[in-house]
Amino acid sequence: RMTGTGLNALSVDCDPIHTSRNDPDPEMFTDNTWIAAAYTEDGETVYALGHNEYQGHTHPGQCPQNDYFACWYNTITLLISTDGGNSFSPAFEPPGHFVAGLPVPYEAGKGAYGLRAPSNIIQGPEGYFYAFVNLASERSERQYVCALRTSDLSDPAAWRFWDGQGFEDRFINPYLEPDADQAEHLCQPYAVDQIGHALNESITYNSALERFVLIGISADQIEGREVWGFYYAFSKDLLNWTRRQLLMEVPLPWTVASSGSDLSYLYPSLLDPDSPDRNFATTDDTAYLYFTRNNFGHGSLCLLYTSDAADE
């Protein structure tokens, strides 16, 4: 983690606060897990959505293809810290910490599929807590944003997803409910015409604009060419969105000639160092765009920022 007196005065603390279990059993959802979206109301108990990757190619007998992308199964899990973020563990004994995923089990060779890369958590209308994740379909390159919300951060089973009309449908653990109708438990595309297929990295509320601001990676046709980079969109209610607008054109790992060596960028978040919110979920007329620069492909990560990104 990075600690300090503020966002502009951080230093790296290399003591681990969570260690992945690298469990070879995909039913446990505890292979490689990253803390992706932390939220606290009191500064002591911290709930976090985990980005869990089952990496079949690292476990003997689980990936005949012996390829990372062919055997990459993604789910969202719930972690908890009761000591102010000093340490995190599954909120319930696995697989009870399962939050969200596709209604299908792991299968080698299906490709990189599942739910992954949660945004931060934000409290929205009617007191619900919202998050946005990327959904990648099995045996397909189809992706879109999945919106989910809950009224109880402590309960991983309380999250509901956008079904095209509202937030009524629930995720299922496909290992515990193998006979369930998969169509009834599949998160539907969320505002895809407005925000595109992957605009889900950062959600904040801007007091100057009186709008929620969604930041993420997307593409659009601009002056006759496809432009990839960091985009933004606005909403008053977290349901209806303006069409995405380009904030910053940047090279991405899949748009450069060599993802293993070329400089590229990922993970944009809009943050205000002066936010009065404990979770930095608000911005005002001045904010910063924080993002990651991959100096040598995915092998080197460096935190950077640009300034004054909240102005419409």
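Residues numbered from 1 in each chain as written. Predicted model: local features only at pLDDT ≥ 70, side-chain atom pairs only at ≥ 80, totals over all residues. Heavy atoms only, no water.

**Thoughts on the environment of proline 60**
Relative to the helices and strands, proline 60 is located in the loop between strand 4 (46-55) and strand 5 (72-81). For proline 60, a relative accessible area of 81% corresponds to the exposed category. For the pair formed by proline 60 and proline 24, sequence separation is 36 residues and the distance between their alpha carbons is 8.5 Å. (Helix = DSSP H or I, 4+ residues; strand = E, 2+ residues; numbered from the N terminus. Buried < 20%, exposed > 50% of the residue type's maximum accessible area, 1.4 Å probe, protein only.)

**As for the nonpolar core**
The biggest cluster of nonpolar side chains holds 34 residues, and the ones touching the most others in it are Leu49, Val99, Leu115, Ile121, Cys146 and Phe171. When contributions to this core are tallied by element, the ones reaching two or more residues are strand 3 (32-40), strand 4, strand 5, strand 7 (98-100), strand 8 (113-116), strand 10 (129-136) and strand 11 (143-150). Those residues in contact with valine 99 that lie beyond four places of it in its chain are Leu49, Ile76, Thr77, Leu78, Leu148, Pro156, Trp159 and Phe171. Judged by nonpolar contacts, the second largest core, of 20 residues, contains Ala147, Ala191, Ile203 and Val227. (Core = buried A, V, L, I, M, F, W, Y, C linked by side-chain atoms within 4.5 Å. Contact = heavy atoms within 4.5 Å.)

**Looking at the layout of surface pockets**
Of the volumes computed, that of the second largest pocket is approximately 210 Å³. Looking at the second largest pocket, it is lined by 14 residues, and the ones nearest its centre are Phe98, Pro156, Ala157, Phe171 and Asn173. Here the residues of the lining of the second largest pocket sort into nine nonpolar, two polar and three charged. (1 Å grid on protein atoms, 1.4 Å probe; cavity = no way out; pocket = protein on both sides within 12 Å on 5 of 7 lines; lining within 4 Å. Points joined across faces, edges and corners; volume = space filled by probe spheres on them. Nonpolar A, V, L, I, M, F, W, Y, C, P; charged D, E, K, R; others polar.)

**Quick notes on the sheet that holds strand 19 (residues 282-283)**
Read across the open sheet, the five strands follow the order 17-16-15-14-19; overall the sheet is mixed. Each edge of the open sheet carries a strand with a single partner, namely strand 17 (245-249) and strand 19. Sheet analysis places strand 14 (residues 202-206) next to strand 19, joined by two bridges and oriented parallel. Across the sheet, residue tyrosine 205 finds its bridge partner in strand 19, namely threonine 282. (Pairing = 2+ DSSP bridges.)

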